[in-house]
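Descriptive structure summary
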Amino acid sequence: MQNELIDSFGRKHDYLRISLTDRCNLRCFYCMPEEGIDICNKSEIMTFEEIIGISKIFVSKGVNKIRLTGGEPFYRRDVNLILEELAKLPVDLRITTNGVNLHKHIAVLKENNIKKINVSLDSLNPDKFKTITRFSVFNKVIDNINLLLNEGFEVKVNMVVMNGINDNEVIDFIEWTQHKPLHVRFIEFMPFNGNKWEWKKIVPYKKMMKEVENKFSLEQVVRISDRPNDTSVNYKIKNFEGTFAFINSVTQPFCGTCNRIRLTADGKLKNCLFSSTESDLLTAYRKGKDIYPVIEHSIG
C-alpha cells in the first residue's frame, strides 16, 4: 500500500481542505440563496473525534497541508479543540474565515502556531458589504484583519469579483496593500447551486489586469513567481508592502496542477469543488471499516 495519494494523471494530492460545518453567520448572496440551504442534522456532521481520526489517516498517506473551512469554521463551538489537536500533526495548518469572530480565537491560533489566515471580504464599502453579506459587521471584519496583521499573522484577503457589484473596487483593494503586508486575491465569480450564476456576472482576469495596467505603469506592476500547485497568478506593485493575485477558476482553470482533496462537514470526499459526485467516508468510518480503499478509489 503506497503512502501517497496519486491520481490517474500522476498528480500527488497532499492538501486536505476540511469543512468543519455547513453553517455560517453571514448570508453572502453568491454563496447562499435567499431562501437558505438545507442544513445537515447535527448527527450527520463529523464529530471532533471523527475529524481528528480521519485527518490522521490522510496524513499517514502523505497529506502535509490542512485548511479548515466552512460554512464558517469559527461558528463551530469546539473549533479551538480541533485546532489544538490538528496542530499536533506534521502538517501546515491554515484556516479560512469571514473574520467576524476572529478576535475570540487569536490566542489559540498563536498558541498553536497557526499563522496563515484567509479572510473573505468582498467590499471595502460598508453599505455594499451589508448588501453582499446581509449583515452590518463590516467594522468587525476590518478590525480583525488589522488585529491579525498587528499580531504578526500572514493574512490573505479573498475577494469574489462580480460584474456591476464590486468590480469597481479592484484598484481600491490593491491600494490597500501599499502600507499593509496584505495578500489580496481576486476570485472569479464561480457557479454554485442557487447563486444565479451567469457568464455576464464574471469579471475575467484579463479585464481586471487591464484596469491595473491603466492605473499603474508597467514598470510598477511586478509579476511574482508562482509556487508549485498555486491556484493564483501573483503580482505586486513596486514598493508596496503587500501583494495581489488573481484566481481564475472559470476563464483559466488550473486543474492540471490540482493537489486538493475536499472533505465536507458530513464526511463526504469531493475530488473537485465542482464535482457532482461524492464518496461517503463517514458512514464507513462509523462502522469501523477501513476507509482507505474508498479514499484511494476516489482520488484515483
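Residues numbered from 1 in each chain as written. Predicted model: local features only at pLDDT ≥ 70, side-chain atom pairs only at ≥ 80, totals over all residues. Heavy atoms only, no water.

Here we look at the overall build of the chain
Secondary structure assignment for the chain yields nine helices and 12 strands. Here the chain has a C-alpha radius of gyration of 19 Å; the compact-globule value for 300 residues is 19 Å, and the two agree. Considering only residue pairs separated by 6 or more positions, the chain has 70% of its internal contacts joining residues 24 or more positions apart. Summing over all exposed atoms, the chain offers an accessible surface of approximately 14800 Å²; the carbon and sulfur share of this is 49%. In the chain, the 43 positive side-chain charges and the 38 negative ones have mean positions that sit 0 Å from each other. (Helix = DSSP H or I, 4+ residues; strand = E, 2+ residues; numbered from the N terminus. Rg over C-alpha atoms; globule rule 2.2 N^0.38 Å. Contact = heavy atoms within 4.5 Å. Areas by Shrake-Rupley, 256 points an atom, 1.4 Å probe, with all protein chains shown as cover. Lys, Arg positive; Asp, Glu negative; His and termini not counted. Charge placed at Lys NZ, Arg CZ, Asp CG, Glu CD.)

Structural notes on the nonpolar core
If you look at the biggest cluster of nonpolar residues, it comprises 86 residues, and the most contacted ones within it are Phe-58, Leu-68, Leu-121, Ile-145, Phe-186 and Phe-244. For this core, the element with the most residues is helix α5 (residues 138-150), which contributes six residues. (Core = buried A, V, L, I, M, F, W, Y, C linked by side-chain atoms within 4.5 Å. Buried < 20%, exposed > 50% of the residue type's maximum accessible area, 1.4 Å probe, protein only.)

Points about the sheet that holds strand β9 (residues 243-247)
Spatially, β7-β8-β9-β6-β5-β4-β3-β2-β1-β10-β11-β12 is the arrangement adopted by the 12 strands of the open sheet, whose pairing is mixed. Edge positions in the sheet fall to β7 (221-223) and β12 (279-280), since each of these pairs with one other strand and no more. With four bridges joining them, strand β8 (residues 232-237) and β9 adopt antiparallel strand pairing. From the neighbouring strand, Tyr-235 faces β9, where its bridge partner is Phe-244. (Pairing = 2+ DSSP bridges.)

Structural notes on the state of the cysteines
Across all of its chains, the model carries zero disulfides by this definition. Left without a disulfide partner, Cys-272 is nearest to the cysteine sulfur of Cys-255, which lies 6.2 Å away. You can call Cys-272 partly exposed: its relative accessible area is 31%. (Disulfide = S-S within 2.5 Å.)

Things to note about the packing of aromatic side chains
Scanning the model with the defined rule gives nine aromatic pairs in all. Between Phe-129 and Phe-138 the ring centres are 5.6 Å apart and the planes differ by 65°, which places this aromatic pair in the edge-to-face class. The pair formed by Phe-129 and Phe-138 is uniform in burial state, with each residue classed as buried. Between Phe-186 and Phe-246, the aromatic rings sit 5.5 Å apart at their centres with planes inclined by 35°, giving tilted as the arrangement. Note that Phe-186 is positioned in strand β6 (residues 183-188) and Phe-246 in strand β9, a separation of 60 residues in sequence. Here the two residues Phe-186 and Phe-246 agree in accessibility, since each one is buried. Among the aromatic residues, ring-to-ring pairing joins Phe-173, Trp-176, Phe-186, Tyr-205, Tyr-235, Phe-244 and Phe-246 into one connected group. Over the ring of Tyr-235 we find Arg-223; its NZ or CZ atom is 5.4 Å from the centre of that ring. (Phe/Tyr/Trp six-rings, centres within 6.5 Å; stacked < 30°, edge-to-face > 60°. Lys NZ or Arg CZ within 6 Å of the ring centre and 35° of its normal.)

Remarks on the side chain of Asn-259
Its location among the elements puts Asn-259 in the loop between β9 and β10 (260-263). Assessed through its relative accessible area of 6%, Asn-259 is described here as buried. Polar side-chain contacts of Asn-259 include one of 2.9 Å to the side chain of Asp-14. Once residues within four sequence positions are removed from consideration, Asn-259 is found in contact with Lys-12, His-13, Asp-14, Tyr-15 and Asn-229. (Polar contact = N/O pair within 3.5 Å; in protein donor to acceptor, adjacent residues only side chain to side chain.)

Here we look at the pattern of salt bridges
Here the structure, examined in full by the defined rule, presents 14 salt bridges. Lys-12 serves as the salt-bridge partner of Glu-4, at 3.4 Å between the closest nitrogen and oxygen. You can call Glu-4 partly exposed: its relative accessible area is 33%. Lys-12 sits in the partly exposed class, given a relative accessible area of 40%. (Salt bridge = Lys/Arg side-chain N within 4 Å of Asp/Glu carboxyl O.)

Without other data, these values stay purely geometric and don't point to any function.
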